[in-house]
Amino acid sequence: MKNRKLVFILIAIALLVLPTLLAAAQDQTVVRISWWGSQNRHDRTIATIELYEELNPDIDIVYEFQGWGDHWTKLSTQAAGGELPDIMQHDYARIEEWVANGLLMPLDGYIGSGVIDTMNIADSSLAGGMVDGQMYGINLGNNSEVFTLDTDAFAAAGLELPALDWTWTQFEEIANQIQDALGIHGIGVLTSDQLWKSQYMGCCDQWAYAPDGMSLGYEDDQPLIDYYNMLLRLQESGGMQSYEDSVARGDQGVEAQLIVSQEAAMAYHWSNQIVAVWNASGPERNFVMYPIPRPEGGQSQNYIKPSMFFAVTSQAKNPDEAAAFIDWFVNSVEANEILEAERGVPVSSVVRESLLPNLGAAQAEMFNYLGLIEMDNSPIRPADPAAHADVVGNIFGPEFVEPVMYGMISPEEAAPYLREEANRILAAQ
Amino acid sequence: MAATLTKAKRRKPSNFGQDNLVGYLFIGPWLAAFFLFTLIPIAVSLVLSFTDYNVLSNSGDFIGLDNFQRMFFEDRRYARSVNATLKYVVFAVPLRLVFALGVAMLLNTWRRGVGVYRAAFYAPSIVGGSIAVAVMWREIFGNDGLVNFTLNLLGIEGPNWLGRPETAIWTLIILAAWQFGSPMLIFLAGLKNIPRHLYESAEIDGANAFQRFLRITLPMLTPIIFFNLIMQLISGFMVFTQAFIVTQGKPLDTTLFYALYVYRRAFELNEMGYASAMAWVMLMVIALLTALVFRSSSYWVHYESDEGPA
């Protein structure tokens, strides 16, 4: 009996140690990589990694993936422990903070030596990854916010598709008409902080944050108040999903959007997410992508942004191999045939052209949409200040959106408090 | 012969030390882990609580009592998290204890298949703090969940349990009451230790079931109740998983439990200094409450071996 236990323990230990031993025996270089995303992205990225390992038998890529929130929790903890992976997926909202803390490695050397080939990438697509004149993040795809419309639902409701420069007033009408005709919501909740940030682009050519990030970037609370009064009306009429309902459902990722389950006829998300949304909805569905509605007589509230970056961390053990993988990930047609623009429209013109003839419905719509936005958009604003997570997590959500949407306080009362508190946090950075 | 004798003699004192050494060796792995992963981090967190240490920048300065000042006087969400936690403890702990005792008494009879029931009632607690149960709970109380489905059959339109600020925390309190397994097992052991002859003589004296419960079961069980109360009080204050998975602290911070808020500050906003200060306040409060309960125990806990009040 005792012997058997001992044998069991020995086998367990052997099983734990074996993979490491094998890897060491094969003399492979290990490159660790970590990203956030949906299931669809996980599947595609893993398949791409497996292809790379096949082509490069001396490289072993060890991957970790998670949702957006957990990604940052996990990686900041790893950063403190000196355990960051070689490559991490990064975001425009956070890259400044990470560079400021010395956690990322400049890639200019690799670009200069040609390890990372940027010949076929437009400068405008690369600019987002630059901090203080140095390149820290390689853009994995171009992105913009989008309102996706379910054309079948529109037809069933007897509604014409709106003009591409539709206004918030038209949007409100349409959402209500859908609710009246079909008994489903026009759209899910529209209380995301992203819509707050870009709120002032349409009316006033401003941004939620001042260019230096030390205060809010707008003076007049009225556009925000008007917007939230509209949301309250839509919540009341059912034109929009109630905030209460969205809380009860919880955040279950982009694939759980109401448009997927046909509980709403429209959805708001990032353009690259159409791949996951359409995939989860089924190929028989029909969607068309629209810009964010604009204020009466206002300009576009859309801007083009790097969807995400691959960055090499300053704690990377094998930065050379990491850079080589990023180059292949961005420039290889083979890789991008698997990835299928799930991270946004590829930045390499060669990749884009080679993908064009065989695009799936979702990808074709996304390419088309990004082309449309390129014609009419607002310029991208500076990356978010370091206190952005604090402002959104502790003020915008719990002190503005929630009390307003639960009717505890009016937008008129809440907006000045939001401004005051956000400014206090931003100034204290 | 003589040699072995002296050897045996000499061995005796040194053997004692060797025994100890073996003992320490056996608990060595635990001790090492305890120092490395519990004691040292606790000490470090005490130091951090007086700093503005940030995980991402891996730096911080001593800022004296600023964290505590901010916590008690400036942070509105902190006050809400204290509220939510107190409400949870005040309702969930007694409810769980009452349920545990009730079920323990039901199971303290020798009926057929009682073992199966015991296992069945204990099961929710084994999987208790787990993600799976929390996810299931979210489905049960969801808009189209089991609860509202059942209410619907009865012609009642159920509220949006998890979405309404008035009801969300109650779903978590009910979840806590349902996870009564471990105090129940302890109660069950306590019930089995009450001598039968006490009940028999009380019955002969004409005491009814309620009187027997009040006069025999409860007093004899007070040490167990005391133990369970302390344990549940401590775990009640540390509630985390349920809110993290089921409600995310929403709506309106009504389920933003203390531990969840500490986690948010520490790991989502990287404010490890502030979070450490919060954690230490929590530790002090729990220690104080536990001490109070201990103090009060001489008034209501009945020990068989006691000589009685002097």
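Residues numbered from 1 in each chain as written. Chains lettered and ligands numbered in written order. Predicted model: local features only at pLDDT ≥ 70, side-chain atom pairs only at ≥ 80, totals over all residues.

(A) Looking closely at the overall build of chain B. Within chain B one finds 13 helices and zero strands. For chain B, the sequential pattern of α-helices and β-strands runs α-α-α-α-α-α-α-α-α-α-α-α-α. The C-alpha radius of gyration of chain B comes to 26 Å, more than 25% above the 19 Å expected for a compact globule of 310 residues. Viewed in the frame of its principal axes, chain B has a C-alpha envelope of about 85 × 70 × 40 Å. For chain B, with 310 residues in total, the buried portion stands at 29%. If you take every contact in chain B between residues at least 6 apart in sequence, the share linking residues at least 24 apart comes to 70%. (Helix = DSSP H or I, 4+ residues; strand = E, 2+ residues; numbered from the N terminus. Rg over C-alpha atoms; globule rule 2.2 N^0.38 Å. Buried ≥ 20, exposed ≤ 12 C-beta atoms within 10 Å, placed from the backbone. Contact = placed C-beta atoms within 7 Å.)

(B) Quick peek at the overall build of chain A. Counting secondary structure elements, chain A contains 18 helices and 13 strands. Relative to the 2.2 N^0.38 estimate, which gives 22 Å for 429 residues, the radius of gyration of chain A is 23 Å and therefore close to what a compact globule would have. Taking all 429 residues of chain A together, 45% fall into the buried category. Taking the contacts inside chain A whose residues are at least 6 apart along the sequence as the reference set, 74% of them involve residues at least 24 apart.

(C) Fine view of the confidence of the model for chain B. All names here are of chain B. Residues of chain B with pLDDT of at least 70 account for 91%, and the chain-wide mean is 85. Below a pLDDT of 50 lies the segment residues 1–9, which in the model reaches zero contacts outside its immediate sequence neighbourhood of four places, other chains included. Scored as a complex, the prediction yields pTM 0.84 and ipTM 0.82. (pLDDT = per-residue confidence, 0-100.)

(D) Structural view of the sheet that holds strand β11 (residues 287–290) of chain A. Residue and element names in this part refer to chain A. Pairing is mixed in the open sheet, where four strands are placed in the order β9-β10-β8-β11. If you trace the sheet from one side to the other, it starts and ends with β9 (185–187) and β11, each paired once. Across the sheet, the axes of successive neighbouring strands diverge by a mean angle of 25°, strand direction being ignored. Bridge count between strand β8 (residues 145–150) and strand β10 (residues 264–270): five bridges; the pairing is antiparallel. Among the inter-strand pairings, T148 is bridged to a residue of β10, identified as A267. On top of the sheet, helix α8 (residues 168–182) reaches β9 and β10; it is set at about 150° to β9, its chief contact. (Pairing = 2+ DSSP bridges. Axes fitted to C-alpha atoms, helices over the stretch in contact; angles between N-to-C directions.)

(E) Molecular detail of the interface of chain B and chain A. Each side of the interface is counted separately: chain B has 23 residues, and chain A has 20 residues. A total of three residues in the side of chain B that touches chain A trace back to one element, the largest contributor, which is helix α12 (residues 258–268) of chain B. When its residues are assigned to classes, the side of chain B that touches chain A shows eight nonpolar, eight polar and seven charged. (Nonpolar A, V, L, I, M, F, W, Y, C, P; charged D, E, K, R; others polar.)

(F) Looking closely at the nonpolar core. Of all hydrophobic cores here, the largest spans 162 residues; its most connected members are I87(A), L107(A), I274(A), I326(A), Y88(B) and F257(B). Considering every element that reaches this core, the biggest residue donor is helix α3 (residues 76–107) of chain B, with 13 residues. Mapped onto the domain boundaries, this core takes at least three residues apiece from domain 1 (2–140 + 306–375) and domain 2 (145–302 + 387–427) of chain A. Ranked by size, the runner-up nonpolar core spans six residues in total, among them Y200(A), M201(A), C203(A) and W207(A). (Core = buried A, V, L, I, M, F, W, Y, C linked by C-beta atoms within 7 Å. Domains from an automatic or database assignment.)

(G) How the structure looks around helix α10 (residues 209–237) of chain B. Residues and elements named next belong to chain B. Taking 1.5 Å per residue, 29 residues should reach 42 Å; α10 reaches only 35 Å between its end C-alpha atoms and comes up short. The largest bend along α10 measures about 55° and falls at T222, with the proline P223 one to four residues further on. Buried within α10 are the following residues: L221, I224, I225, N228, Q232, G236 and F237. On its buried face, α10 sits against α3, α8 (181–192), α12 and α13 (272–300). (Expected span 1.5 Å × (residues − 1). Bend = angle between axes of the 7 residues up to and from the residue.)

(H) A look at the domain arrangement of chain A. Residues and elements named next belong to chain A. As assigned here, chain A comprises domain 1 (2–140 + 306–375) and domain 2 (145–302 + 387–427). Placing the centre of domain 1 and that of domain 2 at their C-alpha centroids yields a distance of 30 Å. Listed per partner, the contact involves 20 residues of domain 1 and 19 residues of domain 2. Elements with a contribution of two residues or more to the side of domain 1 that touches domain 2: α2 (39–55) and α16 (361–375). At nine residues, α16 tops the list of elements feeding residues into the side of domain 1 that touches domain 2.

(I) Examining the packing of α3(B) against helix α7 (residues 168–178) of chain B more closely. Residues and elements named next belong to chain B. Relative to each other, α3 and α7 sit at 35°, their axes nearing to 8 Å. Two packed elements cross with a definite hand, and for α3 against α7 that hand is right-handed. Two secondary-structure elements touch here, α3 through A84, K87, Y88, F91, A92, L95, R96 and F99 and α7 through I169, L172, I173, A176 and A177. Within the contact of α3 with α7, the residues separate by chemical class into 11 nonpolar, no polar and two charged. (Left-handed = near helix turned anticlockwise from the far one by under 90°.)

(J) Representation of the packing of α8(A) against helix α10 (residues 222–237) of chain A within the structure. Residue and element names in this part refer to chain A. Two elements in contact, α8 and α10, have axes separated by 10 Å at closest approach and are oriented at 10°. Classified by the angle between their axes, α8 and α10 sit roughly parallel to one another. Residues W168, E172, A175, N176 and Q179 of α8 form the contact with α10, whose own contacting residues are M230, L234 and S237. Counted by class, the contact of α8 with α10 contains four nonpolar, three polar and one charged residues. (Parallel < 35°, antiparallel > 145°, perpendicular 65-115°, else oblique.)

(K) Here's a closer look at unusual backbone geometry. For the peptide bond that leads from K250(B) to P251(B), omega is -10°, which places it in the cis range. The topology assignment puts P251(B) in the loop between α11 (241–247) and α12. For D132(A), which is not glycine, the phi torsion reads 50° and is therefore positive. Within the secondary structure, D132(A) sits in the loop between β4 (130–131) and β5 (134–135).

(L) Summary view of the pairing of strand β2 (residues 59–66) of chain A. Residue and element names in this part refer to chain A. Sheet analysis places strand β1 (residues 29–36) next to β2, joined by eight bridges and oriented parallel. Pairing of W35 across the sheet is with F65, part of β2. The parallel pair β1 and β2 is bridged by α2, and the resulting crossover is right-handed. (Right-handed = clockwise from strand over helix to strand, strands pointing away.)

(M) Expanded view of the environment of G249(B). All names here are of chain B. Relative to the helices and strands, G249 resides in the loop between α11 and α12. For the pair G249 and L95, spaced 154 residues apart in sequence, the C-alpha to C-alpha distance is 22 Å. Look past the residues within four positions of G249 in its chain and what remains in contact with it is A243, T255, L256 and L260.

(N) Structural context of α2(A). Residue and element names in this part refer to chain A. The terminal C-alpha atoms of α2, which comprises 17 residues, lie 25 Å apart, in line with the 24 Å expected from a rise of 1.5 Å per residue. Here α2 has its buried residues at N40, R41, R44, T45, T48 and I49. Seen along its axis, α2 keeps its buried residues to an arc of 155°; they face one direction. On the buried face of α2, the contacting elements are β1, β2, α12 (274–281), α13 (319–331) and α14 (333–339). (Arc of directions from axis to C-beta.)

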